[in-house]
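These are the residues of each chain, in order.
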Amino acid sequence: MYCRNLREMINLNPIQRGGIIPKETKKVIYEFWDGYSICDFCQGKLDEIEHPNIKHFLEEVAEWLNIDFVRVTHGAREGKFAVMHAICKEGDYVILDSNAHYTSYVSAERAKLNIAKVGYEEKYPTYKINLDDYKKVIDELEDKNKNIGLILLTHVDGNYGNLNDAKKVGKIAREKGIPFLLNCAYSVGRMPVDAKKLKADFIVASGHKSMAASGPIGILGFREEFYDKIAKPSQNFPKKEIEFLGCTSRGLPIITLMSSFPYVKERVKKWNEEIKKTRYVVEELEKVGFKQLGIKPKEHDLILFETPVLDDIAKKDKRRGYFFYDELKKRGIGGIKPGVTKEIKMSVYGLEWEQVKYVINSIKEILLQF
Ligand SMILES: *Cc1c(COP(=O)(O)O)cnc(C)c1O
């Protein structure tokens, strides 16, 4: 079977750790693996299907995120595009942070919008975004008579795993009366997120990234104020919402998201423990020459290490950069990019403490060999 080995290994790939599905969900897959399998009792609206109970599920998700309405998308990116397309006009500006994901750019391009960037408070080594600069960028654009359609903040970015103080930006956005979208692809489903508290008008989440779903699947949460624009019905088919092309997830992806939801709600409550594990990994691996980049101490499970020690070994070993991947694989550990030794990204989210210690000891053992 394809990739069977990796599935049986300890997987350290940050994009995959939050998407590992629990046993309960694996069983449900067998009942719903056919195409359009959720459509038996559909009256025309995906979010109102009661068997399986998608309607109830979405109400629960909205309550959990503390936001007025929720829709299902195919991923975080589709949520961002839907919002931009629905509430911005062609040529408007989207203001985003310098750690924004490429899908934020692509969404804006597809919606024919311009982009303005908020820079860093510090580049190397923390790459911390200067959140106060949202104000500055807004003022500059307003001075030039540009229309700002949306403010976007990456709650946790995929490069450094930096957690941003979203409330700060939320407040600026509210004061200026500009809609605020918080990209929670790396946060919702891993850690607690409360949209009202963070003053987000829109929240996008990723099922396959962080909500223990097979995917592709995402969540878009939005405030009532924007209901008419986001949930605008087709003139020809009044039950079909335009931004979602009438219907989004039509089978297994949403089933896995729903089935894993009780598990996800529970695991989010244990976020403090995840942070403890993450900081422990940093502490131990910095003893042997790794250097954690991004904000310190860690506030998210994604760790980016600068790894000059690995680079030195790669220069001497005949396997070159692949030695590390190779040595980890021998020890049943996967998910580190093959061939890369200057920097490595990893996460131990959801691993047992014993597994975390095993990973650390394995890495130390590999280093000692050379
Ligand atoms: C992974 C990721 C995305 C993309 O998520 P999809 O659900 O696959 O569209 C968007 N933003 C950030 C910050 C990410 O890390």
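Residues numbered from 1 in each chain as written. Predicted model: local features only at pLDDT ≥ 70, side-chain atom pairs only at ≥ 80, totals over all residues. Heavy atoms only, no water.

**Thoughts on the sheet that holds strand β2 (residues 69-73)**
Inference 1: Read from one edge to the other, the open sheet built from seven strands follows the order β2-β10-β9-β8-β7-β3-β4, with strand pairing classed as mixed. Edge positions in the sheet fall to β2 and β4 (114-118), since each has one partner strand and no second. Averaged over all neighbouring strand pairs, the angle between strand axes comes to 20 degrees, with direction disregarded.
Inference 2: Sitting on the sheet, helix α8 (residues 166-176) is in contact with β7 (148-154) and β8 (180-183), with an inclination near 165 degrees to β8. (Pairing = 2+ DSSP bridges. Helix = DSSP H or I, 4+ residues; strand = E, 2+ residues; numbered from the N terminus. Axes fitted to C-alpha atoms, helices over the stretch in contact; angles between N-to-C directions. Contact = heavy atoms within 4.5 Å.)

**Here we look at unusual backbone geometry**
Inference 1: Following Gly215, the chain continues into Pro216 via a peptide bond in cis, with omega recorded as -5 degrees.
Inference 2: With respect to the secondary-structure elements, Pro216 resides in the loop between α9 (207-210) and β10 (218-222).
Inference 3: In this structure, Pro297 follows Lys296 across a cis peptide bond, with omega equal to -10 degrees.
Inference 4: The residue Pro297 is located in the loop between β11 (291-293) and β12 (303-306) in this model.
Inference 5: Positioned with a positive phi, Asn66 is a non-glycine residue whose angle comes to about 55 degrees.
Inference 6: Phi at Lys199 is positive, roughly 60 degrees, even though this residue is not glycine.
Inference 7: Mapping Lys199 onto the fold places it in the loop between β8 and β9 (202-206).

**Some thoughts on the site of the ligand**
Inference 1: Every one of the 14 residues lining the ligand counts as a neighbour, but Ala76, Arg77, Asn183, Ser206 and Lys209 are closest to it.
Inference 2: Within the side chain of Asn183, a nitrogen or oxygen atom sits 2.9 Å from a nitrogen atom of the ligand.
Inference 3: One of the side-chain N or O atoms of Ser206 is found 2.7 Å from an oxygen atom in the ligand.
Inference 4: Notes on the ligand: free accessible area 390 Å², of which the protein chains cover 93%.
Inference 5: Taken together, the elements giving at least two residues each to the shell around the ligand come down to α5 (76-87) and α9.
Inference 6: When residues of the shell around the ligand are assigned to their parent elements, the largest contribution, three residues, is made by α5. (Near = heavy atom within 4 Å. Polar contact = N/O pair within 3.5 Å; in protein donor to acceptor, adjacent residues only side chain to side chain. Areas by Shrake-Rupley, 256 points an atom, 1.4 Å probe, with all protein chains shown as cover.)

**Describing the environment of Glu343**
Inference 1: The topology assignment puts Glu343 in strand β14 (residues 343-346).
Inference 2: On the basis of relative accessibility, which here comes to 38%, the residue Glu343 falls in the partly exposed class.
Inference 3: Beyond its immediate chain neighbours, meaning those up to four positions away, Glu343 contacts Leu293, Leu304, Phe305, Glu306 and Thr307. (Buried < 20%, exposed > 50% of the residue type's maximum accessible area, 1.4 Å probe, protein only.)

**Comments concerning the environment of Ser206**
Inference 1: One can find Ser206 in strand β9.
Inference 2: With near-sequence residues (within four places) excluded, Ser206 lies in contact with Ala76, Ala185, Met211, Ile217 and Gly218.
Inference 3: Engagement of the side chain of Ser206 in a polar contact is seen with the side chain of His208, the distance being 3.5 Å.

**A short note on the pairing of β2**
The side chains of a regular strand alternate between the sheet's two faces.
Inference 1: Counting buried residues in β2 gives four out of five residues, a clear majority hidden from the surface.
Inference 2: Inspection of the sheet shows β2 paired to β10 by five bridges, in the antiparallel sense. Opposite Val70, over in β10, you have Gly221 as the bridge partner.

**Side note on the packing of aromatic side chains**
Inference 1: For the coordinates displayed, the defined rule picks out 14 aromatic pairs.
Inference 2: An angle of 90 degrees between the planes, with centres 5.4 Å apart, marks the rings of Phe57 and Phe261 as edge-to-face. You can see Phe57 sitting in helix α4 (residues 54-65) and its partner Phe261 sitting in helix α11 (residues 252-268), a full 204 residues away along the chain. Here Phe57 and Phe261 have matching classes, each one buried.
Inference 3: With 6.2 Å between their ring centres and 45 degrees between their planes, Trp271 and Tyr349 make a pair best called tilted. In this pair, Trp271 is assigned in helix α12 (residues 271-286) and Tyr349 in the loop between β14 and α15 (353-369), connecting sequence segments 78 residues apart. (Phe/Tyr/Trp six-rings, centres within 6.5 Å; stacked < 30°, edge-to-face > 60°.)

**Description of the confidence of the model for the protein chain**
Inference 1: Overall, the prediction assigns the protein chain a mean pLDDT of 96, with 98% of residues at 70 or greater.
Inference 2: The weakest mean pLDDT in the protein chain belongs to helix α1 (residues 4-8) at 61; the strongest belongs to β8 at 99. (pLDDT = per-residue confidence, 0-100.)

**A closer look at helix α6 (residues 102-110)**
Residues that lie three or four places apart on an α-helix share one face, since the helix turns once every 3.6 residues.
Inference 1: Burial in α6 covers these residues: Thr103, Ser104, Ser107 and Ala108. For α6, the arc enclosing every buried residue in end-on projection is 140 degrees, short of the 170-degree limit, so these residues lie on one face. Opposite the buried face of α6, by more than 90 degrees, sit the exposed residues Glu109 and Arg110.
Inference 2: Tucked inside the fold, the buried residues of α6 contact α5, β3 (93-97), β4, β7 and β8.
Inference 3: One or two steps after α6, the chain reaches Lys112, where phi turns positive at roughly 60 degrees. (Arc of directions from axis to C-beta.)

**A short note on the domain arrangement of the protein chain**
Interface size is often expressed as the accessible area that is lost when the parts come together.
Inference 1: Assigned domains of the protein chain: these are domain 1 (2-20 + 270-369) and domain 2 (23-266).
Inference 2: If you average the C-alpha positions of domain 1 and of domain 2, the two centres end up 29 Å apart.
Inference 3: Carbon and sulfur atoms make up 53% of the surface buried where domain 1 meets domain 2, a total of about 1,900 Å² over both sides.
Inference 4: When the area that domain 1 buries against domain 2 is broken down by residue, the three leading residues are Trp271, Ile295 and His300, summing to 27%.
Inference 5: Joining domain 1 to domain 2, the criterion identifies one salt bridge.
Inference 6: Residues Asp301 and Arg190 are paired through a salt bridge, measuring 2.8 Å at the closest nitrogen-oxygen approach.
Inference 7: Joining domain 1 to domain 2, the criterion identifies 13 residue pairs in polar contact (both at pLDDT 80 or more).
Inference 8: Sorting the residues of the side of domain 1 that touches domain 2 by element identifies α2 (14-17), β11 and β12 as the ones contributing at least two each. (Domains from an automatic or database assignment. Buried area = accessible area lost by both parts, 1.4 Å probe. Salt bridge = Lys/Arg side-chain N within 4 Å of Asp/Glu carboxyl O.)

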